[in-house]
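Examination of the molecular architecture
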Amino acid sequence: MTSYLFFILTIGGVYALLAQSLNLIWGGAGMVNLGLAGFFAVGAYASAILTKGFGLPIAIGLIASLAAGAVAGFIVTISTARLRDDYLAIVTLGFAETVRLIALNEAWLTRGSDGISGIPGPWRAELGPNFHPFYCVFVFIIVAIVYLLTKRLDDAPYGRTLKAIREDPELAAFAGKKVMRFKIEAFALSAAVAGLAGAIYGHYTSYIAPDLFQPLITIYIFLAVTAGGLGRPIGPVIGAYLVIAFLEGTRFIVELIPGLGPVQVAATREMLIGAALILILRLRPQGLLPEQSRPVPRVGDAA
Amino acid sequence: MALLLQAILNGLMTGALLAVPAVGFSAMFAVLRYPNFAIASYATIGAFAAWVINTKFGAGVALSIALAFIVAAIVGAICEWLAMTPLRPAGALPAAIASIALGVVLENVVRFIFGNDLKAYDLPIVRDIRFGDIRIGPQQAENALIGIGVMLAAFAFLKFTRLGRAMRAVADNADLARLKGIVPAQVELVAVLIGCGLCGVGGVLIGLDTSIDPLTGFRVLLAVFAAAVLGGLGSLPGAVVGAFALGIAEELSLFIVAPTYRSAIGFLVILVMLSVKPRGLMGDRFA
């Protein structure tokens, strides 16, 4: 039971990282990433291939996952940064599907549908049963670091510029902000965090395969960010743990319905998740913890 | 040479199938101003509706397709009214996101009822027609012709009926259309009925060739988007041209990459097109 709890908390932490990644661009610059699962996969594969395939240390794998995510993010945004944000939505969705196809077909690199197993975890053998609590704390620390960095970014002129771009890109451009550059940078940064989340996931479960990176993960994360509150660094973290609680909760609730086959149970859970996202968007689009508008800084005293 | 001709012919036939949902998607985009990701599930729903009437009640292809149109159109209109209409004032992105969630819900309703197994339509098996080295499957040819027929009907509706003209007016300039006394809600409903209906027909046409399962629509989603982006998002003639071009590009790609990468061609086309000519081949002229 405790190992189940640690498992849930760790996966919740991975979702929190993904939610922070999404919030950075969606809450920050008003861009959406419908291919979050793809960037998640890119990071997971980058780190798994380097550490399992080439025997490099896990730390190198984590750094590589950040870099791989950032590069993928750069490629995806460069073609759409000038366009309306729904174009980016379509491109990112396509990106995730393409990543899944590559992971399925390039077996020499990714072992195809078999997936990569035996991905090393930090001190997994030495820690034995203590690996789960250890890794749980490790993920908490990463989530906290990303939280502090995004909070810092949010408070900095950079974050304010992003929000200005979100509200009115033309006005931001008129104010001398290089809108395209900001958008591409923010997206690459966000994709890097998603990549890191993938690596952290792979080193925990020790197994990754193309099927684990279904578009449904992207829905979970949108649910986390909308539930927690968009545009505020703590919102997505809280939202991610709420979502994991909800996901696990539906598991128990659905099992109470008599006479359902396993496919129907899975289908019912996915229906509940989709319906929850629609309901939140409809009823409480600002989330549980809405974004706070900062008061305009006083300039009178200085003048 | 025969290989090349065969590839182009296959591409044209694929294009005729893709064009149907692509036109449906573009019509909704032009009027409702958000990319509707739930079209994947409307295609799946259409495919399953046709499968039920075809295999359980022995209906022919034409009747099955008509039913697919009606069922997908009605489900689409109800979902749009329930889930999307209240969200649309908030902008294109919340609506787009909600449409993905809606797609997931609908896909799982289909999965709940029919399960995950592959299902095939009940069709007579016919031998390929040969012209020298070129072969044509009669079923494929028939599907392509049905696709073209359905599109011609859709274009005729836009061109010659009052509602069709109102739809074009809203797509062109919504504010001006309102000033002229066109009721937006009415036009939006027609756009959803036609758009979702066409997606449902597209689902059947794609399924007739192979088999169907709850992910049938999702698997062609990217190709439909690619066709629409290639032609210019929101342009109906563009969606047709884009679908044929993408169909041919997919077939030609088989000379270079493994067939499993077929749907990645759509992604590549979207990336290149948006970088080079984001307004698409036909700009954003609606019809």
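Owing to the predicted nature of the structure, the values given are computational and were not obtained by experimental measurement.

Broken down by element type, chain A carries 13 helices and two strands. Here the C-alpha atoms of chain A give a radius of gyration of 20 Å, agreeing with the 19 Å that 2.2 N^0.38 yields for 303 residues. Overall size of chain A, expressed as C-alpha extent along the three principal axes, is 65 × 50 × 35 Å. Across the 303 residues in chain A, those meeting the buried criterion constitute 54%. When the accessible surface of chain A is summed, it comes to about 13,500 Å², and 69% of that surface belongs to carbon and sulfur atoms. Separation between the mean location of the 22 positive side-chain charges and that of the 18 negative ones in chain A comes to 6 Å.

Turning our attention to unusual backbone geometry. Despite not being glycine, Arg111(A) shows a phi value in the positive range, around 60°. Its place among the elements puts Arg111(A) in the loop between α5 (107-110) and β1 (116-117).

Here we come to helix α3 (residues 61-84) of chain B. An α-helical segment advances 3.6 residues per turn. Residues three or four places apart therefore align on the same side. For α3(B), spanning 24 residues, the distance from its first C-alpha to its last is 32 Å, which sits close to the expected 34 Å at 1.5 Å a residue. When α3(B) is considered as a whole, its buried residues turn out to be Val61(B), Ser64(B), Ile65(B), Ala68(B), Ala72(B), Ala73(B), Gly76(B), Ala77(B), Cys79(B), Glu80(B), Ala83(B) and Met84(B). Close packing links the buried residues of α3(B) with α13 (262-283) of chain A together with α1 (2-32), α2 (39-57), α4 (92-114), α5 (138-160) and α8 (184-209) of chain B.

Next up on the list: the interface of chain A and chain B. On the side of chain B, 39 residues touch chain A, which itself brings 42 residues to the contact. Of the roughly 3,600 Å² buried between chain A and chain B, counting both surfaces, carbon and sulfur atoms make up 78%. Ranking the residues of chain A by area buried against chain B places Tyr87(A), Ile90(A) and Ile278(A) at the top, with a combined share of 17%. Where Arg111(B) meets Glu270(A), a salt bridge forms, and the shortest distance between an N and an O atom there is 3.7 Å. The tally of links between chain A and chain B comes to five residue pairs in polar contact (both at pLDDT 80 or more). Breaking the side of chain A that touches chain B down by element, the ones donating at least two residues are α4 (85-105), α11 (215-228) and α13 of chain A. Top element by residues in the side of chain A that touches chain B is α4(A). It accounts for 14 residues.

To continue, consider a nonpolar patch on the surface. Residues and elements named next belong to chain B. On the surface, Met1, Leu3, Leu4, Leu5, Ile8, Leu12, Leu252, Phe255, Ile256 and Val257 cluster together into a nonpolar patch covering about 970 Å² of accessible area. The leading source of residues in the nonpolar patch is α1, at five residues. Inspection of the secondary structure assignment puts Leu12 in helix α1.

You can see Ser26(B) is positioned in helix α1. Other than its neighbours up to four places away in sequence, Ser26(B) contacts Ala228(B), Gly232(B), Leu233(B), Gly234(B), Ser235(B), Leu236(B) and Ala239(B).

Attention now goes to the packing of aromatic side chains. Summed over the entire model, instances satisfying the criterion amount to 22 aromatic pairs over all chains. With a centroid separation of 5.8 Å and an interplanar angle of 50°, the aromatic rings of Tyr15(A) and Tyr220(A) are classed as tilted. On the criterion of sequence distance, the pair formed by Tyr15(A) in helix α1 (residues 2-29) and Tyr220(A) in helix α11 is long-range, its members being 205 residues apart. For the residue pair Tyr15(A) and Tyr220(A), the accessibility class agrees, reading buried in each case. Both rings, one in Phe48(B) and one in Phe114(B), keep their centres 4.7 Å apart while their planes meet at 35°; by these two values the pair is tilted. Of this pair, Phe48(B) sits in helix α2 while Phe114(B) sits in helix α4, placing them 66 residues apart in sequence. By way of ring pairs, the aromatic residues Phe7(A), Phe131(A), Tyr135(A), Phe138(A) and Tyr204(A) are connected into one cluster.

Criteria and cut-off values
Residues numbered from 1 in each chain as written. Chains lettered and ligands numbered in written order. Predicted model: local features only at pLDDT ≥ 70, side-chain atom pairs only at ≥ 80, totals over all residues. Heavy atoms only, no water. Helix = DSSP H or I, 4+ residues; strand = E, 2+ residues; numbered from the N terminus. Rg over C-alpha atoms; globule rule 2.2 N^0.38 Å. Buried < 20%, exposed > 50% of the residue type's maximum accessible area, 1.4 Å probe, protein only. Areas by Shrake-Rupley, 256 points an atom, 1.4 Å probe, with all protein chains shown as cover. Lys, Arg positive; Asp, Glu negative; His and termini not counted. Charge placed at Lys NZ, Arg CZ, Asp CG, Glu CD. Expected span 1.5 Å × (residues − 1). Contact = heavy atoms within 4.5 Å. Buried area = accessible area lost by both parts, 1.4 Å probe. Salt bridge = Lys/Arg side-chain N within 4 Å of Asp/Glu carboxyl O. Polar contact = N/O pair within 3.5 Å; in protein donor to acceptor, adjacent residues only side chain to side chain. Patch = residues over 30% accessible without salt bridge, like charges linked within 9 Å, V, L, I, M, F, W, Y side chains within 5 Å. Phe/Tyr/Trp six-rings, centres within 6.5 Å; stacked < 30°, edge-to-face > 60°.

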